[in-house]
Amino acid sequence: MIYDVLSHVCAFVGLAAFCYKLPELLRRRSDPALWALETYFLCSGISFLIDLNWLRDDVSRLFGYPNLTTIMTQAAVVVLTAAQQVVLVHWSHPPERAAVLARRRVRAFAVALVVLVVLFFVVEPYRQTASAEGTLLRNMQDRDYAGYLLLYITVCAVGQVGAVRLSYRYARIAHRTWLRAGMWTVTAGASLILVYCAIRYTQTAGTQLGHDMSAWEPAYWLAGSVGALLQVFGWTVPSWGPAVSAWLRGYRSYLRLRPLWWALYEAVPVIALEPPPRRPLDRLPPADLDYRLHRRVIEILDGYHALGPHLPRGAERGSPADEARLLRAALDARAGAPAAPPSSAPAPPPPPADRRGGPGDFTEEVAWLSEVARSFARLPAARATAPRATAPRGSDHP
């Protein structure tokens, strides 16, 4: 059950990552690191897909060789291991040096792959059709196949040791937050695959010594599958992580502005370009979040202007808490009294520009109004004491 679930998830994730990066590859066809990364994703998805229990027998029958998917899966793993090395080499070294190192690694893994394919057919592994989990366990009892399997695991382990070393190195020098997080995740995934290799070494040795090692099988598949998922996540998160982070920041700001916006909307409904969803459905993220966030900011500022006749003259300004108390007093005044008569003192403007980052700085505008909304939400909904007013300059009052 664990094997089936993890294998389906890993196959889907690997192929989805390949499709996700394919448009970028079409735009940057001369980038060797991107070609290697796409090779990694494709082989990762294929290595799990062709060995799914419902598909592996059909593939074997198609080629007339039982359990052929075993060597196909292992070949895909060797190729993806080499591709991973190429990506890390190009990311960690200058282009000229990276090209030389990448060619060396590709040649080494190509030789290893040829040797493994030849040995697989020379050894003639167990030819009776079996599940993906059971095939390797049965073959481990054969000494020749055990030797072949140890060679395959060693090739994988060598590649993952290189991946740990290079991804760890790159994670320490990467300046972009999401790239650094991705490289640490790749490091964790490669480390987990080394655990996968260690388990297989132990299983092979134990089987040759006459022990039943089947109880280790779930740990083996779990370590390998989770390690593969972590690596795919780590390789792709630098691309989509910033967009997700920006969306979450926007949604958080959208929710933070909610109590202030609702108070202004209920007092002055005309500020809304479109009627809002009923509460609490309005907490759900809208499909056009960026547009809705801009509208919410504009409508809050429109509410400021609509409350102009009720804003206390000469009230203290300067902090989000002051602005929140000012708005609360204006809303209470609008709800309980007619508009104030015209005065020679001008109505207080919306929040000071220097507190909002200056004209046109939408990010600072949102940050300022979010703090005002946070302070506003803490105030009681009933009539609140108006902010302490000071006499306008030139007034006859003391």
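Since this is a predicted model, take the numbers as computed values, not measurements.

The number of helices and strands found in the chain is 13 helices and zero strands. Put simply, the chain runs from its N terminus to its C terminus through helices and strands in the order α-α-α-α-α-α-α-α-α-α-α-α-α. Within the chain, the proportion of its 398 residues that are buried is 47%. Sequence-distant contacts in the chain: of pairs separated by 6 or more residues, those separated by 24 or more amount to 75%. Only carbon and sulfur atoms are counted for the fraction: they give 63% of the accessible area of the chain, which is about 20,300 Å².

Right, let's talk about the environment of L25 for a bit. Note that L25 resides in helix α1 (residues 2–27). Here L25 falls in the buried class, since its relative accessible area comes to 5%. Excluding residues that lie within four positions of it along the chain, L25 makes contacts with L34, W35 and E38.

Our next topic: helix α12 (residues 320–336). For α12, which comprises 17 residues, the first-to-last C-alpha distance of 24 Å matches the rise-based estimate of 24 Å (1.5 Å per residue) to within 8%. Listed in full, the buried residues belonging to α12 are D322, E323, A324, L326, L327, R328, A329, A330, L331 and D332. Where α12 is buried, its residues contact α10 (258–267), α11 (289–306) and α13 (362–378).

Evaluation of the coordinates by the stated rule reveals 15 aromatic pairs. A centroid spacing of 4.9 Å and a plane angle of 5 degrees characterise the contact between W261 and Y265, whose relative ring orientation is stacked. In this pair, W261 and Y265 both sit in helix α10, four residues apart, roughly one turn of the helix. The same class applies to W261 and to Y265, which are both buried. What links up through ring pairs into an aromatic cluster is the set Y40, F41, W91, Y170 and W235. For the cation-ring pair, R200 lies above Y220, with the distance from its terminal atom to the ring centre recorded as 3.5 Å.

At a minimum axis separation of 9 Å, helix α4 (residues 68–92) and helix α7 (residues 143–173) run at an interaxial angle of 20 degrees. Between α4 and α7, the interaxial angle falls into the category roughly parallel. The way α4 lies across α7 gives a crossing that is left-handed. A class-by-class count of the residues in the contact of α4 with α7 yields 15 nonpolar, 10 polar and one charged.

In total, this model carries 13 salt bridges according to the counting rule given. A salt bridge links D31 to R28, with the shortest nitrogen-to-oxygen separation between them at 2.2 Å. For R295, the salt bridge is made with E299, and the minimal N-O distance between the two is 3.0 Å. Of this pair, R295 and E299 both sit in helix α11, four residues apart, which is roughly one turn of the helix. A network of salt bridges, in which partner residues are shared, links K21, E24, R28 and D31.

For the rest of this paragraph, the subject is unusual backbone geometry. Across residues other than glycine, the phi torsion is negative in most instances, and most of the peptide bonds are trans. Backbone torsion omega between R279 and P280 reads 5 degrees, so that peptide bond is classified as cis. Counting through the fold element by element, P280 comes out in the loop between α10 and α11.

This part covers the confidence of the model for the chain. Chain-level statistics for the chain give a pLDDT mean of 84 and a share of 85% at 70 or above. Within the chain, no element has a lower average pLDDT than helix α6 (residues 132–139), which sits at 67, and none a higher one than helix α2 (residues 32–49), at 95.

This paragraph deals with the environment of W35. Tracing the chain through its elements places W35 in helix α2. On the basis of relative accessible area, W35 is assigned to the partly exposed category, the value being 45%. Distance in space between the C-alpha atoms of W35 and V86 is 9.5 Å, their sequence separation being 51 residues. The residues touching W35, leaving out its near neighbours within four places in the chain, are L25 and R29.

F41, Y152 and W235 are the most contacted members of the largest nonpolar core, which has 59 residues in total. Those elements that provide at least two residues to this core are α1, α2, α4, α5 (95–123), α7, α8 (177–208) and α9 (217–256). If near-sequence neighbours (up to four positions away) are discounted, W235 is found in contact with L37, Y40, F41, Q84, V87, L88, W91, M183 and V186.

Let's shift gears to the packing of helix α3 (residues 53–63) against α4. Across the interface, α3 lies against α4 with an axial gap of 8 Å and an inter-helix angle of 105 degrees. By the angle class used here, α3 and α4 are roughly perpendicular. Taken together, the residues of α4 that come into contact with α3 (itself represented by R56, V59, S60 and F63) are L68, T69, T70 and M72. Of the residues assigned to the contact of α3 with α4, the class counts are four nonpolar, three polar and one charged.

Conventions used here
Residues numbered from 1 in each chain as written. Predicted model: local features only at pLDDT ≥ 70, side-chain atom pairs only at ≥ 80, totals over all residues. Heavy atoms only, no water. Helix = DSSP H or I, 4+ residues; strand = E, 2+ residues; numbered from the N terminus. Buried < 20%, exposed > 50% of the residue type's maximum accessible area, 1.4 Å probe, protein only. Contact = heavy atoms within 4.5 Å. Areas by Shrake-Rupley, 256 points an atom, 1.4 Å probe, with all protein chains shown as cover. Expected span 1.5 Å × (residues − 1). Phe/Tyr/Trp six-rings, centres within 6.5 Å; stacked < 30°, edge-to-face > 60°. Lys NZ or Arg CZ within 6 Å of the ring centre and 35° of its normal. Axes fitted to C-alpha atoms, helices over the stretch in contact; angles between N-to-C directions. Parallel < 35°, antiparallel > 145°, perpendicular 65-115°, else oblique. Left-handed = near helix turned anticlockwise from the far one by under 90°. Nonpolar A, V, L, I, M, F, W, Y, C, P; charged D, E, K, R; others polar. Salt bridge = Lys/Arg side-chain N within 4 Å of Asp/Glu carboxyl O. pLDDT = per-residue confidence, 0-100. Core = buried A, V, L, I, M, F, W, Y, C linked by side-chain atoms within 4.5 Å.

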